[in-house]
Amino acid sequence: MVFCASNENANTGEIDSYLFFIVYRLLFEHYKIKYGTDIPAKVQIGKGLRIEHLGGIVVNPKAKIGSNVTLLNGVLIGAQNRGKHKGFPVIGDYVWIGTNSIIVGSVHVGNNVLIAPGSYINFDVPDNSIVLGNPGKIIHKDNAIEGYITYPYEGD
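Residues numbered from 1 in each chain as written. Predicted model: local features only at pLDDT ≥ 70, side-chain atom pairs only at ≥ 80, totals over all residues. Heavy atoms only, no water.

**Q** An account of the layout of surface pockets is requested, with residue identities and associated values reported.
**A** Each pocket or cavity is described by its volume, and for the largest pocket that value is around 160 Å³. Every residue lining the largest pocket is listed: F21, Y24, R25, F28, K32, D38, P40, A41 and K42. With five residues, helix α1 (residues 12-35) is the single largest residue contributor to the lining of the largest pocket. Classifying every residue of the lining of the largest pocket gives five nonpolar, no polar and four charged. (1 Å grid on protein atoms, 1.4 Å probe; cavity = no way out; pocket = protein on both sides within 12 Å on 5 of 7 lines; lining within 4 Å. Points joined across faces, edges and corners; volume = space filled by probe spheres on them. Helix = DSSP H or I, 4+ residues; strand = E, 2+ residues; numbered from the N terminus. Nonpolar A, V, L, I, M, F, W, Y, C, P; charged D, E, K, R; others polar.)

**Q** Tell me what's going on with a nonpolar patch on the surface, and back it up with residues and numbers.
**A** A cluster of nonpolar residues, V23, L27, Y31, Y35, I51 and L54, forms a patch on the protein surface that exposes about 540 Å² of accessible area. Broken down by element, the nonpolar patch gets its largest block of residues, four residues, from α1. Its place among the elements puts L54 in the loop between β3 (50-51) and β4 (57-59). Overall, the relative accessible area of 48% leaves L54 in the partly exposed class. (Patch = residues over 30% accessible without salt bridge, like charges linked within 9 Å, V, L, I, M, F, W, Y side chains within 5 Å. Areas by Shrake-Rupley, 256 points an atom, 1.4 Å probe, with all protein chains shown as cover. Salt bridge = Lys/Arg side-chain N within 4 Å of Asp/Glu carboxyl O. Buried < 20%, exposed > 50% of the residue type's maximum accessible area, 1.4 Å probe, protein only.)

**Q** Which residues make up the sheet that holds β3, and what values go with them?
**A** Taken in spatial order, the six strands line up as β3-β6-β9-β12-β14-β15 in an open sheet, and their pairing is mixed. Looking along the sheet, the strands with just one partner apiece sit at the ends: β3 and β15 (137-140). Relative to strand β14 (residues 129-132), strand β12 (residues 113-115) runs parallel, the two sharing three bridges. By the bridge assignment for β14, I115 is matched with V131. (Pairing = 2+ DSSP bridges.)

**Q** Got a sec to walk through the nonpolar core? Specific residues and values, please.
**A** Counting residues in each nonpolar core, the largest one holds 22 residues, and the members touching the most others are I77, I91 and I97. If you list the elements that add at least two residues to this core, you get β4, β6 (69-71), β9 (95-97) and β12. With sequence-adjacent residues up to four places away left out, I91 is seen in contact with K64, I65, G66, V69, I77, I97, I103 and V109. One finds L72, W96, A144 and I149 within the second-largest nonpolar core, a separate group that totals seven residues. (Core = buried A, V, L, I, M, F, W, Y, C linked by side-chain atoms within 4.5 Å. Contact = heavy atoms within 4.5 Å.)

**Q** Go over the pairing of β15, please, and point to the residues and values.
**A** Alignment of β14 against β15, held across four bridges, turns out to be antiparallel. Paired with L132 across the strands is K137, a residue of β15. Between β14 and β15, which pair antiparallel one after the other, the connecting turn spans four residues, and G133 there sits at a positive phi close to 80°.

**Q** Summarise the packing of aromatic side chains; cite the residues concerned and give the values.
**A** Under the counting rule described, the total for this entry stands at three aromatic pairs. Geometrically, the ring pair formed by Y24 and F28 is stacked, given 6.2 Å between the ring centres and 20° between the ring planes. With Y24 and F28 both in helix α1, this residue pair falls four residues apart, about one helical turn. (Phe/Tyr/Trp six-rings, centres within 6.5 Å; stacked < 30°, edge-to-face > 60°.)

Spelled out as structure tokens, the structure:
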């Protein structure tokens, strides 16, 4: 990138783009530190994401989060760089993730799932389930999130 005094030779689109990136990045870093939450703009997030308590929430940029998901403080949704679950998590719709829960690797968390506080998940979780503990134990329940997902997004 070349900066010059003459408008004839300057590519203002590149400069504007670069300045926007710098301003965005500075704001992102400021609020990431201020609120202790790291959810990059590249994360694919469905409608109705709810964060009930800020602090200690970290989401990998390549993770996918469905609609009407609730996160509490201390949640980690991260990558695994080796082993059979190498990759990034995919979280379904209507999922409640409790305090200090960890979801890592190329795993799929189904729809209508409640993840209890302190759970460690590095395996696939089927629809209509509750996950408890470390290591996680799956309990099938048809109305797993009843009373947990408050104010779900019902729009288009």
